[in-house]
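Residue-level listing of the chains:
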Amino acid sequence: MALAPTRMSHRALETSARLLRLPGVRALVRSSFLEYIHLRALHEVQLQGLPVWRPEMRPSAPSDPPGDSP
Amino acid sequence: VTLPTVSDHHRAYTAATHTPLEVAERFLKSDPLNGPFCSFIEVDPDLVLAQAAESTQWLRDGAAPRPLEGILVGVKDFIDVAGYSSRGGTGFLSVAAEQDEVLVARLKAAGAIVAGKQRTTELGLSPVGVNPLGGTPRNPHDLSRPCGGSSSGAGAAVAAGLAPLSIGTDGGGSVRIPPALCGVFGLKPTFGRVPRNGRMDVGWWTLDHPGPIARCAEDLATAFSVLSASEPLDLGGDAGIRVGVDWRWWGVPDSSVDEACRGAVEPLEPVPVEIEHIGLADVAERVSVVAEVATAVWEQTGTDPSRLSPTLRLLLAAAHDISAVEYLRAQQARTLLAREFASVFAEVDVLVTPTTACVAPALTEREMTESLFDDELLGKLTAYTFPANLTGCPALSVPVGTDPAGLPVGLQLMAPWDREDVLLGLAARLEREGVATCPPPTHRHDPL
């Protein structure tokens, strides 16, 4: 079941933000957020061997061997 | 009725029907800080009039007009302009700028008049365009709706006629979403083509791209050549451009957006292409953004979270549970996406999507001024914009008409790295053919 709500009003957001001071709520909010951004997807794809992105990279096609032209 | 472009201003100056000083005075009388559009957060009349007087004198002296001679340019409140502060849409940051950023210095050297600082969303984090800390710019096509974000004031000002040009920053779509929702043009250049060296740091380190918002492709091209200190571009050489569409990524936008965008694309006879892992863009962008922003503002906000709106408090608190491993995997996912885009760009010159999957949303008056989290709306506004930030390739939004209610629709064009010329050439062609157009808004300022 999804923990993350799909729509929250100002009042609901304000209440949730205040409750962040409580450790249990803080953990719940964080887990909801991580579910909301679908963090798991990063672990469901084969990324091994790929270089960590640097914004100045000019990439080559996926079929090329690992490494990127500068 | 069309709102005047840079060329229209220059014709008026050449014909001596107007001077830059008269245009600047008219702008100041429009109450840009409040007014109907609420697009500016800081305007210094003395600075504006001094630049306008200098430009007017330049023309009176018979000197050759510079590329942006006497053109009012608004600057997003993330970019440093000497004599102004940078707030980044927050209530707690206020960094006084003693110097212009390089990009602002280039604008002024090209004859531009900096009109002031433009409103944005809190830390640049809302694509909706609402700032709950006060001051949500209003969409000139419907004043009850937002402009999109985060360069919300920049989009509103150009669409409303307050300034022919604005300079925004784009970390996830912010110089494409407001133009799409406001019926104007926006260019996010290749990462690094336009330098950033301001003092205010709110993160977005690997994603931030400054770029122009304008009323036509020619003005975007002029602004881009000034901002990037590169030669003026020839917009006539678009013959034989191959256009691609990933129909799986295109998906199911709102029907009015789908209809307008398909109508613009189908005459281009697009080639079907596929970016296999496009679904990773959402998580890679969100992990990158929140980790970078939370890190950048931690010292200012960590001890006093009340300085942030509740949405940002929740978002940045949660960001601290993103591990270094996950951040780095997101950066590997960016490499994967960039390679897949490179592969597509071996087949086509331009990849086309809608800019957003919806038009400017209907919000209540309370929602225009308060915090709101709406997952579906956020998804619709950013469905197509993240990949160009993750990969750094250039992207441009052109207006392609309106929905039946008169709300603008935007079409996004993406090209290989450093090929802004291809994007601007195609945008100009679509404009010449009457495809890239939007009726002027009902609510507007007449600058000439």
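Structure: see above.
Basis of the calculations
Residues numbered from 1 in each chain as written. Chains lettered and ligands numbered in written order. Predicted model: local features only at pLDDT ≥ 70, side-chain atom pairs only at ≥ 80, totals over all residues. Heavy atoms only, no water. Helix = DSSP H or I, 4+ residues; strand = E, 2+ residues; numbered from the N terminus. Buried < 20%, exposed > 50% of the residue type's maximum accessible area, 1.4 Å probe, protein only. Areas by Shrake-Rupley, 256 points an atom, 1.4 Å probe, with all protein chains shown as cover. Salt bridge = Lys/Arg side-chain N within 4 Å of Asp/Glu carboxyl O. Pairing = 2+ DSSP bridges. Contact = heavy atoms within 4.5 Å. Axes fitted to C-alpha atoms, helices over the stretch in contact; angles between N-to-C directions. Parallel < 35°, antiparallel > 145°, perpendicular 65-115°, else oblique. Left-handed = near helix turned anticlockwise from the far one by under 90°. Nonpolar A, V, L, I, M, F, W, Y, C, P; charged D, E, K, R; others polar. Polar contact = N/O pair within 3.5 Å; in protein donor to acceptor, adjacent residues only side chain to side chain. Buried area = accessible area lost by both parts, 1.4 Å probe. Core = buried A, V, L, I, M, F, W, Y, C linked by side-chain atoms within 4.5 Å.

### Quick word on the overall build of chain A
Along its length, chain A carries two helices and one strand. Listing the helices and strands of chain A from first to last along the sequence gives β-α-α. The burial tally for chain A puts 37% of its 70 residues in the buried class. Per element, the accessible surface of chain A, about 4,500 Å² overall, is 59% carbon and sulfur.

### Side note on the pattern of salt bridges
Inspection of the entire model under this criterion finds 29 salt bridges over all chains. Residues Lys380 of chain B and Asp254 of chain B are paired through a salt bridge, measuring 2.9 Å at the closest nitrogen-oxygen approach. Linking Lys380 of chain B in helix α13 (residues 375-382) with Asp254 of chain B in the loop between α8 (247-250) and α9 (255-265), this pair joins segments that are 126 residues apart in sequence. Assessed through its relative accessible area of 24%, Lys380 of chain B is described here as partly exposed. On the basis of relative accessibility, which here comes to 27%, the residue Asp254 of chain B falls in the partly exposed class. Here Asp258 of chain B ties to Arg262 of chain B by a salt bridge, and the two come within 3.0 Å at their closest N and O atoms. In this pair, Asp258 of chain B and Arg262 of chain B both sit in helix α9, four residues apart, roughly one turn of the helix. Under the relative-accessibility criterion, Asp258 of chain B is labelled buried at 17%. Salt bridges sharing common partners tie together Arg58 of chain A together with Arg193, Asp418 and Glu420 of chain B.

### Side note on the environment of Leu19 of chain A
Mapped onto the elements of the fold, Leu19 of chain A is located in helix α1 (residues 10-19). Here Leu19 of chain A falls in the partly exposed class, since its relative accessible area comes to 35%.

### Remarks on the sheet that holds strand β1 (residues 40-42) of chain B
Residues and elements named next belong to chain B. Pairing in this open sheet of eleven strands is mixed, and the strands run β1-β5-β2-β6-β8-β7-β13-β14-β11-β9-β10 from one edge to the other. Both outer strands of the open sheet, β1 and β10 (271-272), are each paired with one neighbouring strand and no more. Inspection of the sheet shows strand β11 (residues 350-354) paired to strand β14 (residues 408-414) by four bridges, in the antiparallel sense. What sits directly across from Thr353, in β14, is Gln412. Each of β1, β2 (72-76) and β5 (113-118) is contacted by helix α2 (residues 20-29), which is oriented at about 45° to β2, the strand it contacts most. The strands touched by helix α3 (residues 45-60) are β2 and β5; relative to β5, the strand with the most contacts, the crossing angle is about 155°.

### Considering the packing of α2 of chain B against α3 of chain B
When two helices pack together, their arrangement is given by the angle between their axes and by how far apart the axes lie. Residues and elements named next belong to chain B. One can describe the packing of α2 onto α3 by two numbers: an axis separation of 7 Å at closest approach and a directional angle of 160°. Looking at the two axes, α2 sits roughly antiparallel to α3. Here the hand of the crossing between α2 and α3 comes out right-handed. Residues Pro20, Leu21, Ala24, Glu25 and Leu28 of α2 pack against Pro45, Val48, Leu49, Ala52, Ala53, Ser55, Thr56 and Leu59 of α3. Considering only residue class, the contact of α2 with α3 consists of ten nonpolar, two polar and one charged.

### Concerning helix α1 (residues 6-14) of chain B
All names here are of chain B. Among the residues of α1, those classed as buried are Val6, Ser7, His9, His10, Ala12 and Tyr13. Check the buried side of α1 and you find it contacts α2, α3, β6 (165-170) and α7 (217-227). Between the side-chain oxygen of the N-cap and the backbone nitrogen of Ser7 there are 3.4 Å, and the N-cap of α1 in question is Thr5. Immediately beyond the C-terminal end of α1, within one or two residues, lies Ala16, with a positive phi of roughly 60°.

### Regarding the pairing of β6 of chain B
Residues and elements named next belong to chain B. Most of β6 is tucked away, with six of its six residues classed as buried. Both β2 and β6 contribute to a ladder of three bridges, which runs parallel. By the bridge assignment, Gly74 is partnered in β6 with Ser166. In terms of strand pairing, β6 meets strand β8 (residues 209-214) through six bridges, oriented antiparallel. Bridged to Ile167 within β8 is Pro212.

### Quick word on the interface of chain A and chain B
Counting residues at the interface gives 42 residues for chain A and 48 residues for chain B. Buried surface at the junction of chain A and chain B, both sides included, amounts to about 4,100 Å², of which 66% is carbon and sulfur. It is Tyr36, Leu42 and Trp53 of chain A in chain A that bury the most area against chain B; as a group they hold 17% of the surface buried on that side. Inspection of the region where chain A meets chain B yields four salt bridges. Seen at the junction of chain A and chain B, the total is 14 residue pairs in polar contact (both at pLDDT 80 or more).

### Focus: the nonpolar core
Among the nonpolar cores identified, the biggest contains 83 residues, and Phe33 of chain A together with Leu123, Phe341, Leu351 and Met414 of chain B are the most heavily contacted of them. Broken down by element, the residue count for this core peaks at ten residues, all from helix α10 (residues 281-301) of chain B. Sequence-distant contacts of Leu351 of chain B, that is, excluding residues within four places in its chain, are made with Gly244, Val245, Asp246, Trp249, Val273, Ile275, Phe341, Val344, Phe345, Gln412, Leu413 and Met414 of chain B. Judged by nonpolar contacts, the second largest core, of 73 residues, contains Val23, Val48, Val422 and Ala427 of chain B.

So, to be careful, I would describe these as geometric facts and stop short of saying anything about function.
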